Amino acid sequence: MKMLRRCLISLLLGGLYVSSVIAAETAVTRSDSQHAGELKTAPDFLLSDLEGHSKSLNSYPGQWLLLHFWSTLCEPCREELPALSTLREKFKDQGLVVIAIAEDSKQAVVPFMKSSGLTLPVLIDQYGSALRAYQIKGLPTSYLINRTRQIEEIIEGPKDWKSPTVVHALEKTLSRR
């Protein structure tokens with residue numbers, strides 16, 4: 001009985017330790033993405049679009065940017081693209097540019113975009129230079145960048161881009177600056 005009790009106590013303490021480690025890691029991720037009053041400058045990049053033209057942050061002066069890091073191999077990423085395309089159309093007059101940054105080769109992205117019928121601007125980051133610069137931990141991840149190139153928000157993981165809450169929050173954010 002004593003042995004069983006010791007095993008149970010050990011398991012319980014081990015579980016508490018693992019839970020606290022996971023909670024601490026989650027808290028770090030949340031604080032990194034909340035930017036409590038302190039905005040960070042978005043790293044610049046130089047990537048090619050599907051037509052082979054070089055693009056950087058400076059290619060979009062005075063615009064809000066929603067950079068969406070994704071891959072053709074990522075199911076949630078592919079599922080978000082139609083909603084992001086709709087969001088792009090809805091907010092383009094407010095100065096929002098939605099850019100899908102693909103962590104794939106151009107040869108993988110072009111057929112996917114053609115078959116999906118999407119017209120979203122895509123930049124190719126086949127070798128992960130932007131992925132590293134933005135310290136992406138997983139896909140999909142999106143960065144909302146204001147007109148002065150400050151990171152307003154980091155969205156890690158899938159997002160319901162059509163939800164009224166998200167649309168309203170974006171409307172509010174775009175109208176304040």
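Residues numbered from 1 in each chain as written. Predicted model: local features only at pLDDT ≥ 70, side-chain atom pairs only at ≥ 80, totals over all residues. Heavy atoms only, no water.

Draft legend 1. Structural detail: the packing of aromatic side chains. Enumeration over the complete set of coordinates arrives at 4 aromatic pairs. Here Phe 69 and Tyr 134 contribute two aromatic rings whose centre-to-centre distance is 5.5 Å and whose plane-to-plane angle is 50°, an arrangement assigned as tilted. Of this pair, Phe 69 sits in strand E4 (residues 64–70) while Tyr 134 sits in the loop between helix H4 (129–133) and strand E7 (141–145); the two residues are 65 residues apart in sequence, bridging distant segments of the chain. With respect to class, Phe 69 is no different from Tyr 134; both count as buried. On the basis of an interplanar angle of 75° and a centroid distance of 6.2 Å, the ring pair of Phe 69 and Tyr 143 is categorised as edge-to-face. Taken together, the residues span a long stretch of sequence, with Phe 69 in strand E4 and Tyr 143 in strand E7 at a distance of 74 residues. We classify Phe 69 as buried; its relative accessible area is 0%. Taken together through their ring pairs, the aromatic side chains of Phe 69, Tyr 134 and Tyr 143 make up a single cluster. (Phe/Tyr/Trp six-rings, centres within 6.5 Å; stacked < 30°, edge-to-face > 60°. Helix = DSSP H or I, 4+ residues; strand = E, 2+ residues; numbered from the N terminus. Buried < 20%, exposed > 50% of the residue type's maximum accessible area, 1.4 Å probe, protein only.)

Draft legend 2. Quick peek at the pairing of strand E8 (residues 150–156). The element E8 is largely enclosed, with a buried count of 5 among its 7 residues. Examined bridge by bridge, strand E1 (residues 40–41) and E8 share 2 bridges and lie antiparallel to one another. If you follow Thr 41 over to E8, its bridge partner there is Gln 150. In this structure, E7 lies alongside E8, joined through 5 bridges in antiparallel fashion. The residue of E8 that forms the bridge with Tyr 143 is Ile 154. (Pairing = 2+ DSSP bridges.)

These figures capture arrangement, not role.
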